[in-house]
Amino acid sequence: MPVPLVAAALVALWPTDPPQPQLAQCLQRLRATSAARSIRPATWRTLDGLTPDPRVLVNLDAQPEFTLPIWDYFAVMVDQERIDDAQFLLREHRATLARVSARYGVDQATVVAVWGVESNFGKGRGGYHILRSLATLSCNGRRQTYFRRELLSALRIVQGGHVEPDAFVGSWAGAFGQTQFMPSTFERLAIDFDGDGRRDLMESVPDALASTANYLRNAGWRTGKPWGLEVRLPSANGQPFSLAGEGRRVRRTLEEWRARGLTRVDGTPLLQGDLAAATTAGLLTPAGAAGPAFLVMRNFDAVFSYNAAVSYALAIVHLADRLRGGAEFVTAWPTDDLGISRVERRELQALLAQRGHDIGTPDGILGRLTRDAVKAEQERLGHEATGRPGQRLLRALREM
Ligand code: CA
């Protein structure tokens, strides 16, 4: 899962740190359960003296995929920088990728796209200590049962020598490594592809890429099939096409969609090439009726299962299309203020700093300082002071 973008600004809101003695008692109770029997005393000692991490509890209720407008998410996740980086890595790792693709049946572009969205190709793996995060979440908050299983998995991973406890860092929720696997996912599906005896998702690119492909294959990926396609919705007598009840999981055959008047986005017939009329697909309109529309198939669901957010899955399959030479979506996002890329975020921060705002390091991350500066400039310009920077603010600042 991608690193939350809003977390830093919220940390200060957590009133008091949960006390450490309660954590130790809670972990003792977990250790006494039958599920914990596979973990040796020496492994448990890696948790000695651990303090709760209050940041992870704040994050428990704030996931950026659900709060950012999808066009902001896309502006960052499928920007030219990520496409260029991915093209470079497709060449750099072509031998490994060819073997991974042959073994697991998932195309190279999709594997690299997951890598790019999950961890920016291994560069952004999260700054949270996995055992500390999972211990905190096992004993506080609203999903303790789930996180206890993950903590036990994480301890077994350490016990197996796959990762050193001190190097075991990742997202606040416990996902780690270049593929951002949860510990239980690691146990089920991680692959030692370079054959050194360790399943190393932190440092081994072959292990990470093979594990990603193995995950998708297990999630039902079908070799050589499309994830879906952008479509054009019909309008009858000026009435908009009814989207009521439609969605990713409401599957109809392509023949039925054709009969309802859907075409490819360029207006050509839905059924062409090797797409079978009996193939089933769901209709996805992630920004409502005025935005792009897609028919999505089984391979989209496989990507969706990696991290259950439509924006996330759509970013991955679209990035993969772009790596294969595909174009941007034809239908525009329904907004007059599109999001800004990572290059543009850094430019925005430089412009804000030039205007005397303290934005900290111009790192492209929209933390509290940047958002405060954005708000101040929006107020001065007479824009709505949302703290969300888009193309509109960037243009205005460039012209000053
Ligand atoms: Ca290995």
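Use the structure listed above.
Below: a short report on this structure. (Residues numbered from 1 in each chain as written. Predicted model: local features only at pLDDT ≥ 70, side-chain atom pairs only at ≥ 80, totals over all residues. Heavy atoms only, no water.)

**A few points about the overall build of the protein chain**
Put simply, the test is: Put simply, DSSP H or I for four residues or longer makes a helix, DSSP E for two residues or longer makes a strand, and each gets a number counted from the N terminus. C-alpha atoms define the radius of gyration in this analysis, and the globule rule sets the expected value at 2.2 Å times the number of residues to the power 0.38. Residue exposure (1.4 Å probe, protein chains only): buried if accessible area is under 20% of the type maximum, exposed if over 50%, otherwise partly exposed. The contact definition used throughout considers only heavy atoms, calling two residues in contact when any of these lie within 4.5 Å. Per-residue accessibility takes into account occlusion by the displayed protein chains alone, with areas from the Shrake-Rupley method and a 1.4 Å probe. Working convention for charge: Lys and Arg count positive, Asp and Glu count negative, and His plus the chain ends are omitted. Charged side chains are reduced to one point each, which is NZ for Lys, CZ for Arg, CG for Asp and CD for Glu.
Each helix and strand in the protein chain was counted, giving 19 helices and seven strands. In terms of overall size, the protein chain behaves like a compact globule, its C-alpha atoms giving a radius of gyration of 23 Å where 400 residues would be expected to give roughly 21 Å. Based on the C-alpha atoms only, the size of the protein chain along its principal axes is roughly 70 × 55 × 40 Å. Within the protein chain, buried positions represent 52% of all 400 residues. Here the analysis covers contacts within the protein chain between residues at least 6 apart in sequence; of these, 69% occur between residues at least 24 apart. In the form shown here, the protein chain has an accessible surface area of approximately 18,100 Å², with 50% of it arising from carbon and sulfur atoms. Between the mean site of the 48 positive side-chain charges and the mean site of the 43 negative ones, the protein chain shows a separation of 6 Å.

**Details of the state of the cysteines**
Spelled out, the test is: Criterion for a disulfide: a pair of cysteine sulfur atoms within 2.5 Å.
Evaluated as defined, the whole model comprises one disulfide. Cys26 shares a disulfide with Cys139; S-S distance 1.9 Å. Note on the Cys26 and Cys139 pair: the S-S dihedral is about -85°, so by sign convention the disulfide is left-handed. With Cys26 in helix H2 (residues 20-31) and Cys139 in helix H10 (residues 130-139), the pair connects residues that are 113 residues apart, well separated along the chain. Cys139 shares its class with Cys26; the two are buried.

**What about the pattern of salt bridges?**
Which entries qualify depends on this criterion: Salt bridge, as used here, is a side-chain nitrogen of Lys or Arg placed within 4 Å of a carboxyl oxygen of Asp or Glu.
Scanning all chains against the criterion turns up 23 salt bridges. A salt bridge links Arg260 to Glu246; the nearest nitrogen and oxygen atoms lie 3.3 Å apart. One end of the pair, Arg260, is in the loop between helix H14 (254-259) and strand S5 (263-264); the other, Glu246, is in the loop between strand S3 (228-232) and strand S4 (252-253), and 14 residues separate them in sequence. Its relative accessible area of 33% is what places Arg260 among the partly exposed residues. With a relative accessible area of 17%, Glu246 lands in the buried category. Residue Asp301 is joined to Arg248 by a salt bridge in which the shortest nitrogen-to-oxygen separation is 2.9 Å. Of this pair, Asp301 sits in helix H15 (residues 298-304) while Arg248 sits in the loop between S3 and S4, and the two are 53 residues apart along the sequence.

**Digging into the coordination of the calcium ion**
Selection criterion: For Na, K and Ca the donor cut-off is 3.2 Å, while for other metals it is 2.8 Å, and in both cases only N, O and S atoms qualify; water is not among them, so sites may look incomplete. Think of it this way: with four donors and all angles in the 85 to 135 degree range, the site is tetrahedral; with four or six donors, opposite ones beyond 155 degrees and the rest between 65 and 115, it is square planar or octahedral; otherwise it is irregular.
Within the protein, the atoms that donate to the calcium ion are Asp192 (OD), Asp194 (OD), Asp196 (OD), Arg198 (O), Asp207 (OD) and Asp207 (OD), at distances of 2.2 to 3.0 Å. For the calcium ion, the six donor atoms in the first shell make angles of 46 to 160° at the metal, a pattern classed as irregular. Summarised as a motif, the one-chain spacing of the donors to the calcium ion is D-x1-D-x1-D-x1-R-x8-D. Classification of Asp192 as partly exposed rests on a relative accessible area of 27%. Judged by its relative accessible area of 45%, Asp196 is partly exposed.

Limitation: the analysis is restricted to geometry and does not speak to function.
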